[in-house]
Structure formats: structure tokens, C-alpha cells
Amino acid sequence: MHAIEINNLSKNYGKFKALQHVTLNVEKGTIFGLLGPNGAGKTTLIKAIAGALKPNEGSVTVLGLDPLKNKWEIRKKIGYMPQTASLYGDISAKQNIRFFGKAQKVADLEKEVENILKFTELENRANDRVRNFSGGMQKRVSLACALVHHPQILFLDEPTAAVDPHLKIRTWELFRELANKGVTIFVSTHLMDEAHKCDRIAILREGILLAVDTPEQILSRGKTVITFQKNGETIQHEISSAKDAILKELQLLGLQKDINQIDIKSDDLETILLSITQGKE
Ligand SMILES: Nc1ncnc2c1ncn2[C@@H]1O[C@H](COP(=O)(O)OP(=O)(O)OP(=O)(O)O)[C@@H](O)[C@H]1O
Ligand SMILES: [Mg+2]
């Protein structure tokens, strides 16, 4: 059984097609990244899977359950960190985390709240009102609220936007730790370094899923330019970035005695994603 199964999912806002026939499975205990330009439908897809909106067509199964029919049962098992933090500004960080923990009937709540405050490095600000927090600090509180009940699946909508590099690295270390323990992480991001850290990534544009693969496989769709010197002349070969193609080319060039320097430059993930999302039908 997959942790998440999405079959032919479509969502319209009036006449506007925000998601079109999305079909996708996510393996348990993996980190799945959702990429795509602004307005591609990432938040809409996360909301549809988390049971926060009703699709027009298709089905979603989360841990074998229907998120709309088994709303309460699923809520105990998932953590959802929305793109815009939905916190209570008038109360402290600690009180916010405690509130979400209480709603989930977390056992040993005070200890869990302390643990999560420590992890998100909010201990010093634990008793301050969230309203006065910076954007990055509010993200930390929001992540803490999504984690306090130890969910089996985490939905994270751009969790590290506006978070400083230090906490960003720590956050991704935690994601990997959680995934190793069997937690499934479904995360949207615009950041290429984060895309590289996912087990699989999906690329969405105008509500249509354009590609689903490992970051390595997506990278292999790019091009590689091989530059070498032969008899004082600079020669360039453009080949595909597939590992086999590069190895074959290097083997051929390596056999030629009059070639003494070879440089390799492959497209990076950002270039390939741009060419996929800006490409014609
Ligand atoms: N409640 C709504 N009513 C009408 N249109 C909406 C609504 N929510 C989203 N949309 C539209 O659906 C499209 C997809 O929006 P969505 O928020 O899912 O994009 P996104 O990929 O998350 O973008 P971003 O990277 O900016 O967060 C956009 O064109 C948006 O304007
Ligand atoms: Mg969004």
C-alpha cells in the first residue's frame, strides 16, 4: 500500500482548472517534493490530499483512507503546515503548540511541547506572543505545531521559505530522520537544493503533472557540453546528461592521445525544470 494514492484528480475554481487529471503515488517513508512555478497548483494539490478541499473529479487515498470521508481519523495521522502560517497571534509560541497538541490528544503533552520547542530553537521566545515574531520565526512555530503529535504523514507547503540557512539545514536533517523512521513527507518547494534532497520530485505546471521521477533521473534529461582541446583547437560536443552517454563519450575521447584536457558541464536542475515548465505542450 502506498502512503498516498492520487487518481485522476481534478479541481476547478469556477471555470478555472487548477488541477487537471493528476495521478500520483507516494511510497511510505519517502520524501516527495512538489515543484512548479507560482500558481501551478501545488497548494491546491496539498489541500486536496490533506482533505482541506473537495476535488471535482478523481480520488485520493491517504494511508488507505479517504481524506474527506475519514476526516477525523486522518487528522490524527497527518501533520499539515500551510503556506501561510495559521497561528493564534495573541498567544505565545508555547501556547500555540500546546493548543495543537491538545486538539490531537497528545500524551505527555508538556514534555512533547518542550522537545519540539527545543528542536525548532524557539526556547528563548517560547513565551512571547506570536504576533510579534518575524516571518521565519512564525514558520518555525507552524512547523512545531504540525509535528507535535508525531504524524505518519507530513504535508509541508514551502516550509522553509523565509527560514535562515541554519534552520533550513536542520529542518531537512529532521525530515530525513523522520523518513527513515517511516514518516512520509510531501513537501512543496521552489528551492533547488531542497529538490535535490527529495527521493522523488513531481513537476506541476498549470495544474498538469509534467514529470515524476528521482532528481537524478530528471537531471539526466538535461544536456551536457564536453569541451576539449585537439591540436590547439577547442572543440565542443553537446550530448545528453544520461550517465551512459557521458561515460561513452569520455571513453571515446580518452582513447585519443592528442586530447589532453576535457571539461564537462551539465545542465543543473533549475535549468532542466525551467525547460520543462516553459516547454510547449
Ligand atoms: N480559492 C481560490 N479561488 C479561486 N482561484 C484560486 C483559489 N485558490 C487558488 N486559486 C488559483 O489556482 C491556481 C493555483 O493556485 P495554488 O495556490 O495552488 O498555486 P501554487 O502552485 O501553490 O502557487 P505558489 O507557488 O505561488 O504558492 C492559481 O491560479 C490561483 O490563483
Ligand atoms: Mg502555494
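Here the structure is a predicted model, which is why all the values come from computation and not from measurement.

### Quick look at the site of ligand 1
- Close to ligand 1 lie Y13, F16, A18, G36, N38, G39, A40, G41, K42, T43, T44 and Q83.
- Within the residue set of the shell around ligand 1, elements represented by two or more residues are β2 (16-26) and α1 (42-50).
- Residue contributions to the shell around ligand 1 peak at three residues, all from α1.
- Considered class by class, the residues forming the shell around ligand 1 number four nonpolar, seven polar and one charged.

### As for the domain arrangement of the chain
- Looking at the assigned domains, one finds that the chain contains domain 1 (4-216) and domain 2 (220-278).
- Placing the centre of domain 1 and that of domain 2 at their C-alpha centroids yields a distance of 38 Å.
- Contacts between domain 1 and domain 2 engage 12 residues on the former and six residues on the latter.
- Elements with a contribution of two residues or more to the side of domain 1 that touches domain 2: α7 (192-196), β8 (200-205), β9 (208-213) and α8 (215-219).
- Among the elements that take part in the side of domain 1 that touches domain 2, α7 stands out by supplying three residues, more than any other.
- Tallied by class, residues from the side of domain 1 that touches domain 2 come to eight nonpolar, two polar and two charged.

### Examining the environment of H21
- Within the fold, H21 resides in strand β2.
- Here H21 falls in the partly exposed class, since 14 other C-beta atoms lie within 10 Å of it.
- Remark: the alpha-carbon pair of H21 and E57, spanning 36 residues in sequence, is separated by 8.0 Å.
- If near-sequence neighbours (up to four positions away) are discounted, H21 is found in contact with N8 and S10.

### Quick notes on the packing of helix α3 (residues 93-103) against helix α5 (residues 135-147)
- Interhelical geometry of α3 versus α5 gives an angle of 25° and a closest axis separation of 8 Å. Relative to α5, α3 is oriented roughly parallel. The hand of the α3/α5 crossing is right-handed. Of the residues in α5, those in contact with A93, N96, I97 and F100 of α3 are V141, A144 and C145.
- Grouping the constituent residues of the contact of α3 with α5 by class yields six nonpolar, one polar and no charged.

### Points about the sheet that holds strand β3 (residues 31-35)
- Strand order in the open sheet formed by six strands is β5-β6-β7-β3-β8-β9, and the pairing between neighbours is mixed. Of all strands in the sheet, those bounded by a partner on one side alone are β5 (78-81) and β9. With strand direction ignored, the average angle separating the axes of adjacent strands in the sheet is 15°.
- α1 rests against β3, β5, β6 (153-157), β7 (184-188) and β8 of the sheet, and its axis sits at about 155° to β6.
- Running at roughly 40° to β8, helix α10 (residues 269-278) makes contact with β3, β8 and β9 of the sheet.

Definitions and limits used
Residues numbered from 1 in each chain as written. Chains lettered and ligands numbered in written order. Predicted model: local features only at pLDDT ≥ 70, side-chain atom pairs only at ≥ 80, totals over all residues. Near = placed C-beta within 6 Å. Helix = DSSP H or I, 4+ residues; strand = E, 2+ residues; numbered from the N terminus. Nonpolar A, V, L, I, M, F, W, Y, C, P; charged D, E, K, R; others polar. Domains from an automatic or database assignment. Contact = placed C-beta atoms within 7 Å. Buried ≥ 20, exposed ≤ 12 C-beta atoms within 10 Å, placed from the backbone. Axes fitted to C-alpha atoms, helices over the stretch in contact; angles between N-to-C directions. Parallel < 35°, antiparallel > 145°, perpendicular 65-115°, else oblique. Left-handed = near helix turned anticlockwise from the far one by under 90°. Pairing = 2+ DSSP bridges.

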